[in-house]
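# Fold and contact review
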Amino acid sequence: MDSSTIYVREKGNLRRVSGIVLAQPQPVSSCRRTNPFVLRKEHFIFTYNAEGSLRYTTKSLFDITLLFVVDNIQHVDSLVGFPEQIGDRLFSAAEENRVFQNVDSCSKALQLFSDAYGAMVLESLCLRNRCPLLHEKMDAIKTFHSLKSLDLFGCRLGDNHEIFPHLTTSSLSSLTELSIGDNSLSDAGIQRLTTPIRIMKKGLNCLKMLDVSYNPLTEKALRYLTCLPKLEKLDGSATGLKLGSKLKTAMWDLLGLVYSEKPLDTFDHSRCKTEGWAEQVINQWETNASQVPKQKKIDESRTSALRFFGRHKFIRQMLNAAPQTPESDEETRKEMLHFYRPDASRHQPDRHLPCQNEKKRPRHTEKCSSSHQDPPAKRLTSSTLTAEDMELLNSY
């Protein structure tokens, strides 16, 4: 490592490799003992025996090699084919070496692991009410290609967020659960999100659960969701959708979903969590982000402003007041609008029930009998591909 020339032996031949600058070992200093973030470069492990005497042992060649690869992770082309046990140890070593906290190497390193190990790196990602974290680590979050569950509830996405094109790419083809509630999404936002799917017939092919609650949506948005072939559960609570026969009929005709009298456990936030090797990396990102603002100075300036306007006591009570919550469980159930795909062999739509015993009009028997079959196929959405859709497609 003292020389800039590197030789590699492959298939019995020795060749010279140029253009690679390896990481140089840091000089040993006394501050190494007090700084926990500086990784040891010595190849020895110091311990104490039962008598309290200091002893040391050499590190294994495997551990030394891991450390060398982590220090030069920017030169690794691919980890595809390496056993997952090696990948796990290498990821842990990179985490200890703070590779994922470095802005320059974070995205490339995560991309390297995601391409090789997929869902093992991160299978479920919960960014609920973590808007600053999403915007700060957007490039790194896009490297997680094998997510099955993604929670973006309360991330202030709006109708034109840059993450929308990423959600409909092949990199998230394995996504089965998506929560985009409380993001100020309108019908136009749902239209923009689903435009690539409706036009190119690609994206979110495996999506089974969708949460769009607490967004100003209307029944018009349901037409844009017909492009999701495997959608089984939908949460439309606290939106512009009003529970009634019209809504139930539209849900059944467009999506093949029926209203659930009881709240579905699928939309319970307690079951949403971040899972995978990168779980601690996500937590570390959030910890570092929370330490940036100087909360003490912010509180002092806020207190001075309140005293200046002479409303300190009143506004302090308002700031410390608990958020508004439903008065009872019954009121909570009334706000819930959960829909699910029923078992086709057992479910019968309510709007066809009157014709079960129909005898006076035999010419309608065919319509009546067809009502007991599978849910109607989703309507073709070619009529919804307007000039606005084409304009959105061109923007991608």
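What you see is a predicted model; the values in this text were computed from it and never measured.

In the structure shown here, the tally under the stated rule is seven aromatic pairs. Between Phe100 and Phe113, the ring centres sit 6.2 Å apart and the planes meet at 65°, which makes this aromatic pair edge-to-face. You can see Phe100 sitting in the loop between α2 (84–96) and α3 (103–117) and its partner Phe113 sitting in helix α3, a full 13 residues away along the chain. Phe113 matches Phe100 in its accessibility class, with the two residues each being buried. Ring geometry for Phe153 and Tyr214: centres 6.2 Å apart, planes at 80°, overall edge-to-face. In this pair, Phe153 sits in the loop between β6 (149–151) and α6 (163–167) while Tyr214 sits in the loop between β8 (209–211) and α8 (220–224), placing the two residues 61 residues apart along the sequence.

A separate point is helix α7 (residues 187–200). Relative to the 20 Å expected for 14 residues at 1.5 Å per residue, α7 spans 20 Å between its end C-alpha atoms, a close match to the ideal helical length. Of all the bends in α7, the greatest, near 45°, is centred on Thr194, and the proline Pro196 appears no more than four residues after it. In terms of residue burial, α7 counts as a mostly covered element, since 11 of its 14 residues are buried. Asp187, Gly189, Ile190, Gln191, Arg192, Leu193, Thr194, Thr195, Pro196, Ile197 and Arg198 are the residues of α7 that are buried. Of the residues trailing α7, Lys201 is marked for its positive phi of about 60°.

A few words on unusual backbone geometry. A positive phi is found at Ser184, a non-glycine position, where the angle reads about 55°. Its place among the elements puts Ser184 in the loop between β7 (177–179) and α7.

Between two packed helices, what matters for the description is the angle formed by their axes and the separation of those axes. The geometry of helix α1 (residues 61–71) relative to α2 is characterised by a closest axis approach of 9 Å and an angle of 60° between their N-to-C directions. As the angle between them shows, α1 and α2 are arranged oblique. When the axes of α1 and α2 are compared, the crossing they make is right-handed. Of α2, the residues touching α1 (which contributes Phe62, Asp63, Leu66, Val69 and Val70) are Ile86, Arg89, Leu90, Ala93 and Ala94. Of the residues contributing to the contact of α1 with α2, the split by class is eight nonpolar, no polar and two charged.

Sheet strands pair by backbone hydrogen bonding; their relative direction is either parallel or antiparallel. Strand order in the open sheet formed by seven strands is β5-β6-β7-β8-β9-β11-β10, with mixed pairing between adjacent strands. The sheet terminates laterally at β5 (124–126) and β10 (258–259), the two strands that pair on one side only. Sheet topology places β6 next to β7; three bridges connect them, and they run parallel. When the bridges of β7 are listed, Leu150 appears paired with Leu178.

Tallied over the full model, the rule gives three cavities of 30 Å³ or more. Of the voids in this model, the largest cavity is the one considered here, and its volume is about 60 Å³. Taken together, Ile190, Val212, Leu217, Thr218, Ala221, Leu222, Leu225, Leu234 and Leu241 make up the full set of residues lining the largest cavity. Residues that form the lining of the largest cavity fall into these classes: eight nonpolar, one polar and no charged. Empty space within the second largest cavity amounts to approximately 50 Å³. In terms of lining, the second largest cavity is formed by Leu178, Ile180, Ile190, Leu193, Thr194, Leu204, Leu207, Leu210, Val212, Leu225 and Leu228. Here the lining of the second largest cavity gets three residues from one element, more than from any other, and that element is α7. The class makeup of the residues in the lining of the second largest cavity is 10 nonpolar, one polar and no charged.

Moving on, we come to the pattern of salt bridges. Under the criterion given, the structure shown has six salt bridges. A salt bridge links Asp63 to Arg89, with the nearest nitrogen and oxygen atoms 2.9 Å apart. Placement of the pair is Asp63 in helix α1 and Arg89 in helix α2, with a sequence separation of 26 residues. For Arg89, a relative accessible area of 41% puts it in the partly exposed group. Ionic pairing is found between Glu286 and Arg130, a salt bridge with its closest N-O pair at 3.3 Å.

In this model, α3 (15 residues) spans 22 Å end to end at C-alpha, consistent with the 21 Å of a helix rising 1.5 Å per residue. Regarding α3, the residues found buried are Ser105, Cys106, Ala109, Leu110, Leu112, Phe113, Ser114 and Tyr117. Note on α3: the residue one or two positions beyond its end, Gly118, has a positive phi of about 55°.

For the protein, the mean per-residue pLDDT works out to 77, and 69% of the residues sit at or above 70. The secondary-structure element of the protein with the lowest mean pLDDT is helix α14 (residues 365–370), recorded at 42, while β8 shows the highest, at 95. In the model, residues 318–332 has pLDDT below 50 throughout and makes five contacts with residues more than four positions away in sequence or in other chains. In this model residues 378–383 is a low-confidence stretch, pLDDT under 50, and it forms 15 contacts with partners more than four residues away in sequence or in other chains.

When you line up the elements, Ser395 lands in helix α15 (residues 387–395). Taking C-alpha positions, Ser395 is 10.0 Å from Pro165, a pair spaced 230 residues apart along the chain.

For the rest of this paragraph, the subject is the environment of Lys246. Here Lys246 is to be found in helix α9 (residues 245–254). Placed 27 residues apart in sequence, Lys246 and Glu219 show a C-alpha to C-alpha distance of 9.6 Å.

Thresholds applied
Residues numbered from 1 in each chain as written. Predicted model: local features only at pLDDT ≥ 70, side-chain atom pairs only at ≥ 80, totals over all residues. Heavy atoms only, no water. Phe/Tyr/Trp six-rings, centres within 6.5 Å; stacked < 30°, edge-to-face > 60°. Helix = DSSP H or I, 4+ residues; strand = E, 2+ residues; numbered from the N terminus. Buried < 20%, exposed > 50% of the residue type's maximum accessible area, 1.4 Å probe, protein only. Expected span 1.5 Å × (residues − 1). Bend = angle between axes of the 7 residues up to and from the residue. Axes fitted to C-alpha atoms, helices over the stretch in contact; angles between N-to-C directions. Parallel < 35°, antiparallel > 145°, perpendicular 65-115°, else oblique. Left-handed = near helix turned anticlockwise from the far one by under 90°. Contact = heavy atoms within 4.5 Å. Nonpolar A, V, L, I, M, F, W, Y, C, P; charged D, E, K, R; others polar. Pairing = 2+ DSSP bridges. 1 Å grid on protein atoms, 1.4 Å probe; cavity = no way out; pocket = protein on both sides within 12 Å on 5 of 7 lines; lining within 4 Å. Points joined across faces, edges and corners; volume = space filled by probe spheres on them. Salt bridge = Lys/Arg side-chain N within 4 Å of Asp/Glu carboxyl O. pLDDT = per-residue confidence, 0-100.

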